[in-house]
Amino acid sequence: MKISFRQILYRYAQILTYNKLENSITIFINGFLLMILYVGFSAHTLPVKIIPYVYRDKLLTFYVITTIMLVLSRIFWRWYHQQMFAGAVEVISNYVNVIVITILIGWLTKIDAKTLIVGITIVILFNIVIYVVRLLGSQKIPMYMLFSVVILAVVTTFLYSFTRVDIFIKISFIPMACILSSRIIPYWLMLDTPYRRNLIKEFGPKDIDKSAIFVSKKKSK
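Residues numbered from 1 in each chain as written. Predicted model: local features only at pLDDT ≥ 70, side-chain atom pairs only at ≥ 80, totals over all residues. Heavy atoms only, no water.

Caption draft 1: View of the overall build of the chain. Looking only at helices and strands, the chain has ten helices and zero strands in total. Helices (α) and strands (β) of the chain occur, in sequence order from the N terminus, as α-α-α-α-α-α-α-α-α-α. With the C-alpha coordinates of the chain rotated into their principal frame, the extents come out at 55 × 45 × 30 Å. Across the 221 residues in the chain, those meeting the buried criterion constitute 31%. Summed over its atoms, the accessible surface of the chain is roughly 14300 Å², and 73% of this surface lies on carbon and sulfur atoms. Side-chain charges in the chain split into 25 positive and 9 negative, and the spacing between the mean points of these groups amounts to 2 Å. (Helix = DSSP H or I, 4+ residues; strand = E, 2+ residues; numbered from the N terminus. Buried < 20%, exposed > 50% of the residue type's maximum accessible area, 1.4 Å probe, protein only. Areas by Shrake-Rupley, 256 points an atom, 1.4 Å probe, with all protein chains shown as cover. Lys, Arg positive; Asp, Glu negative; His and termini not counted. Charge placed at Lys NZ, Arg CZ, Asp CG, Glu CD.)

This is the structure we're talking about:
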């Protein structure tokens, strides 16, 4: 049975929920990238062609500010997580981190720009195919596709560990990116926006006791 694109987004909205775990993960990633970039820029180990000078101060400023904001949001969590803008720093950081990590991985593994673009294109096409197949009503094919890329990632990593041939570790990043992208791309649905609320109102259960929801939310705090 065919389903609408909004129904697919609703399913992602059910999975993506803003909580302390998401906050902690983003604090760790942002803090780690801040350290890597600061050391790399200070020691001049990161080539200018990878991250030009014009972006370096801006990147460091971004990570200093977002890391401080994330830590403060954790300290004042009880108040902060109830605000409409809660999770915005995590969402923005998520998309910036994807770009920075992709650049760093390309540099560390010596993947040239053309190969990197091909890999990114494959990941985008993979997600488009999954969305289209789901729109057509099939739930098993996307599941098989995800299982396939997981197996491919495990096999290529296993082959690299034994052969030490660089091509295997380079190939392994593509299925890994395909797996992670299914969560990274719709990450914005974690935000408590009117669009998310409308999705839940449209496709969510209609006969839930509101008092029960309120009690469960209090317990989760």
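Caption draft 2: Quick look at the packing of helix 2 (residues 20-42) against helix 3 (residues 53-75). Between helix 2 and helix 3, whose axes approach to 9 Å, the crossing angle comes to 150°. As far as their axial angle goes, helix 3 and helix 2 are roughly antiparallel. Our pair here, helix 2 against helix 3, has a crossing hand that is left-handed. Contact residues: helix 2 offers Lys 20, Asn 23, Ser 24, Thr 26, Ile 27, Asn 30, Gly 31, Leu 33, Leu 34, Leu 37, Tyr 38 and Phe 41, while helix 3 offers Arg 56, Leu 59, Leu 60, Tyr 63, Val 64, Thr 66, Thr 67, Leu 70, Val 71, Ser 73 and Arg 74. Across the contact of helix 2 with helix 3, the residue classes tally to twelve nonpolar, eight polar and three charged. (Axes fitted to C-alpha atoms, helices over the stretch in contact; angles between N-to-C directions. Parallel < 35°, antiparallel > 145°, perpendicular 65-115°, else oblique. Left-handed = near helix turned anticlockwise from the far one by under 90°. Contact = heavy atoms within 4.5 Å. Nonpolar A, V, L, I, M, F, W, Y, C, P; charged D, E, K, R; others polar.)

Caption draft 3: Expanded view of a nonpolar patch on the surface. A cluster of nonpolar side chains, Val 64, Ile 68, Val 71, Leu 72, Ile 75, Phe 76, Trp 79 and Phe 85, forms an exposed patch at the surface whose accessible area comes to about 800 Å². The element contributing the most residues to the nonpolar patch is helix 3, with five residues. Secondary-structure assignment places Leu 72 in helix 3. (Patch = residues over 30% accessible without salt bridge, like charges linked within 9 Å, V, L, I, M, F, W, Y side chains within 5 Å. Salt bridge = Lys/Arg side-chain N within 4 Å of Asp/Glu carboxyl O.)

Caption draft 4: Layout of unusual backbone geometry. Located in the positive-phi region is His 44, a residue other than glycine, with phi close to 60°. Its location among the elements puts His 44 in the loop between helix 2 and helix 3. The exposed category is assigned to His 44, whose relative accessible area is 61%. Residue Lys 110 is not a glycine yet carries a positive backbone phi of 60°.

Caption draft 5: Spatial organisation of the pattern of salt bridges. What the rule picks out here adds up to three salt bridges. A salt bridge links Glu 22 to Arg 183; its shortest N-O distance comes to 2.0 Å. Here the residue Glu 22 occupies a position in helix 2, and Arg 183 occupies one in helix 8 (residues 166-184), the gap between them amounting to 161 residues. Residue Arg 183 is classed as partly exposed on the basis of its relative accessible area of 35%.

Caption draft 6: Structural view of the side chain of Ser 181. In this structure, Ser 181 sits in helix 8. Excluding residues that lie within four positions of it along the chain, Ser 181 makes contacts with Val 123, Asn 127 and Pro 186.

Caption draft 7: Structural context of the packing of aromatic side chains. Taken as a whole and judged by the stated rule, the model has eleven aromatic pairs. Relative to Tyr 63, the ring of Phe 62 has its centre 5.1 Å away and its plane inclined at 80°; by these criteria the two rings are edge-to-face. Look at Tyr 63 and you get buried, because its relative accessible area is 0%. Between Trp 188 and Tyr 195, the ring centres sit 5.8 Å apart and the planes meet at 40°, which makes this aromatic pair tilted. Residue Trp 188 is classed as partly exposed on the basis of its relative accessible area of 33%. Residue Tyr 195 is classed as partly exposed on the basis of its relative accessible area, which comes to 30%. (Phe/Tyr/Trp six-rings, centres within 6.5 Å; stacked < 30°, edge-to-face > 60°.)

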